[in-house]
Every structure is written in structure tokens, then in C-alpha cells.
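The primary structure of each chain is shown beneath.
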Amino acid sequence: MPGLQRNSSQRLYAVVRQRILEAIEQGVYPVDGQIPTEPELCELYGVSRITVRKAITDLVKDGVLTRVQGKGTFVQGRKVENALLTVSGFTDFGIAQGKNTREAVIKQELIPVDDYQQRLDVPQGGRLFKLVRVMYLEDEPLFIDYSYIPLARYPEFDQRYQPGHSTYQLLHDDYETSVRSDRKVIDVYTATKAEAKWLGCEPGEPLFRIGKTAYDQHGRPVHCSELYCRANRVSLTIDNTSR
């Protein structure tokens, strides 16, 4: 294909960017499908690799494309909507989305309660069950979940928990505990190398970091957690109703 032509007012990468967008709109590059590699795009459009990379980077920032480490660049699917006021567990979240969920346990260990004693309102000197999981919606890694559960309130939770099973269901069945409310604090964070590997994104990519403390039917803290999700894959919503 001959090199691209551009108007004097257009940067060449912007022309490449527009051509990729048009190919997506026409179904040449389908949603969730992989686009050609950078060398292939260079040959297709007759431009330099720097120009192609700039065009792709812009489309990634706009949420049109997504880079997956070790695999390539893909057309972004529809963002998953995660209502901030939802207090149900991840399994119920998946049901609401009409999709299957699964988890991969990265780490589980016992740690001192010290840093979380006030948030969880438990005695000093106790231990927490720390559970680190990557949560998948279908086959896509969506969240990294760091959960901290006080063993003083839920004895032997670390022994009763089975990977792949709902922690909220275990709390309900074995401890007669139902999560009824939570408090969330949200900020923006950049992915570390480890987090990028788990989420299939680039190091430094923006993530939503959601700090949560969940409360039971009696208003007592059940657990606290930190949730990390890709900002370009999740749309966080807040619904307010006047009374």
C-alpha cells in the first residue's frame, strides 16, 4: 500500500489513528480481536514504527485498544459497569453481569492485625487471614482483591476457606454473618510490574484502587479489602436518589 497522505494541519500519526478507527468501525478489526502487529501496520500504512506506536498509544489511552503483555494489542470490549453501592460478593456481581466468574489465589497467609486493628474493631495481638486473588469475569482478569479477615471474629476461617468458593457464602453458612453495608474510598493508582502481569496490562497503566470496609447485619466490621481494577475496563457508577 502506498504511504498515507495527510493534510498540512494533520500529524501523520493522527491519520494512522483515524485509519485504525475506521477499520474497527467497519469490522475489519472486531471487538476483542487482535489488530496487526506494529511492523505489519508500518508496512500496511507505509509509515515509521514511531508513528504507528504513537497512534496505538493514543487509542489505548482513549480506551479503544488494550495491550496484553505477551499477546499483542486488541480492540477493547465494552466496559464492565461496577455500581459502587453494591455490597454483594463477586459471584453475585458476575450473575448480575450474566457472566461466569472464577478466581486465582495468588497468596494466603496469616499476618498481625496491627495495621487494621482500628478499622476492624478487633483486639490487638490477634491475626488476620490475608487473601490475595485475581478475579476473572469469563476469562478476563478484572480485579486484584486483597482481603483481610479477622480470625478473632471468625475462628478457623483460614482453614475452612477453599479456593474457588465464595467467602461471603462461607461467612453466611459457618458464621451466620451477612454483609449488609460497606464503606469505600476510591483513588487512582498505577500498576506495578506484578499487578500488570496479573491483570494482563502494562506497568504504569492507571488502575482504580478501591479500599473497602464491609459491615454485617449488626453493624460490625466483617473484613477490609483493597481492590485494583483497570480504569479502561471498568466503569464505576454512583446512583443517588433524593428523599
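Residues numbered from 1 in each chain as written. Predicted model: local features only at pLDDT ≥ 70, side-chain atom pairs only at ≥ 80, totals over all residues. Heavy atoms only, no water.

## Notes on the overall build of the protein
Convention followed: Think of it this way: any DSSP run of H or I at least four residues long counts as a helix, any run of E at least two long counts as a strand, and we number them from the N terminus. Exposure is judged per residue with a 1.4 Å probe applied to protein chains only, and the accessible area is read against the type maximum: over 50% gives exposed, under 20% gives buried, and values in between give partly exposed. To measure how exposed things are, a 1.4 Å probe is used in the Shrake-Rupley method; for residues, cover is taken only from the protein chains shown.
From N to C terminus, the protein includes 8 helices and 10 strands. The 243 residues of the protein split such that 44% are buried. A total accessible area of about 13,700 Å² is found for the protein, and carbon and sulfur atoms account for 45% of it.

## A short note on the pairing of strand 8 (residues 206-215)
Applied cut-off: Here, a strand pair is defined by DSSP locating no fewer than two bridges between the strands.
Taken across its 10 residues, strand 8 has 7 buried, putting it largely inside the fold. By the bridge criterion, 10 bridges tie strand 7 (residues 181-190) to strand 8 in an arrangement that is antiparallel. Its bridge partner lying in strand 8, V188 is registered against F208. Note: strand 8 against strand 9 (residues 221-230), 9 bridges, orientation antiparallel. Within strand 9, the position partnered with R209 by the bridge is Y228. Once strand 8 ends, the chain turns through 5 residues before running back antiparallel as strand 9, passing G219 with a positive phi of about 85°.

## Quick look at the pairing of strand 9
Burial analysis of strand 9 places 9 of its 10 residues in the buried class, which makes it a mostly covered element. With 6 bridges connecting them, strand 6 (residues 140-150) and strand 9 associate as antiparallel partners. Looking across to strand 9, one finds that I144 is bridged to Y228.

## Some remarks on the pattern of salt bridges
Threshold: What makes a salt bridge here is a side-chain nitrogen of Lys or Arg within 4 Å of a carboxyl oxygen of Asp or Glu, nothing more.
Evaluated as defined, the whole model comprises 12 salt bridges. With its nearest N and O atoms 2.9 Å apart, the salt bridge here joins R49 to E38. Residue R49 is found in helix 3 (residues 49-61), and its partner E38 is found in helix 2 (residues 38-45); the two are separated by 11 residues along the sequence. Given a relative accessible area of 44%, R49 falls into the partly exposed group. Classification of E38 by relative accessible area gives buried; the value is 15%. As a salt-bridge pair, K54 and D58 come within 3.4 Å of each other at their nearest N and O atoms. With K54 and D58 both in helix 3 and 4 residues apart, this pair spans about one turn of that helix. By relative accessible area, K54 is classed as partly exposed at 35%. With a relative accessible area of 16%, D58 lands in the buried category. Members of the salt-bridge network, linked through shared partners, are E38, R49 and R53.

## Focus on unusual backbone geometry
Excluding glycine, most residues fall at negative phi; most peptide bonds, likewise, are trans. For D121, which is not glycine, the phi torsion reads 55° and is therefore positive. Mapped onto the secondary structure, D121 falls in the loop between helix 5 (117-120) and strand 5 (127-137).

## A closer look at the confidence of the model for the protein
Caution is warranted with low-pLDDT regions, since their predicted coordinates should not be read in detail. Counted only if it meets this: Each residue gets a pLDDT score, which is the predictor's confidence in that residue and runs from 0 to 100. Throughout, a residue-residue contact means that at least one pair of heavy atoms, one from each residue, lies within 4.5 Å.
Residues at a pLDDT of 70 or more form 83% of the protein, whose mean pLDDT is 83. No element of the protein has a lower mean pLDDT than strand 3 (residues 80-83), at 51, and none a higher one than helix 6 (residues 157-160), at 96. pLDDT under 50 marks residues 83-87. Its contacts with residues more than four places away, or in other chains, come to 14 contacts.

## With respect to the packing of helix 1 (residues 12-25) against helix 3
Let me state the cut-off plainly: Angular values range over 0 to 180 degrees, each being the angle between N-to-C directions of two axes fitted as lines to C-alpha atoms, with helices fitted over their stretch in contact. Should an angle fall under 35 degrees it is taken as roughly parallel, and over 145 as roughly antiparallel, whereas 65 to 115 is taken as roughly perpendicular and any remaining angle as oblique. When the near helix sits turned anticlockwise from the far one by under a right angle, the crossing is termed left-handed; a clockwise turn instead gives a right-handed crossing. Polar here means any residue other than Ala, Val, Leu, Ile, Met, Phe, Trp, Tyr, Cys and Pro, which are nonpolar, and Asp, Glu, Lys and Arg, which are charged; Gly is therefore polar.
In contact at an axis separation of 8 Å, helix 1 and helix 3 are set at 55° when each is read in the N-to-C sense. Compared by their axis directions, helix 1 and helix 3 come out oblique. The element helix 1 and its partner helix 3 pack so that their crossing is right-handed. Here L12, Y13, V16, R17, I20 and L21 of helix 1 lie close against helix 3, whose contacting residues are T51, K54, A55, I56, D58 and L59. Of the residues that constitute the contact of helix 1 with helix 3, the class distribution is 8 nonpolar, 1 polar and 3 charged.

## Observations regarding the side chain of S147
Its place among the elements puts S147 in strand 6. With residues up to four places along the chain from it excluded, the contact list for S147 reads F129, K130, L131, R133, C224 and S225.

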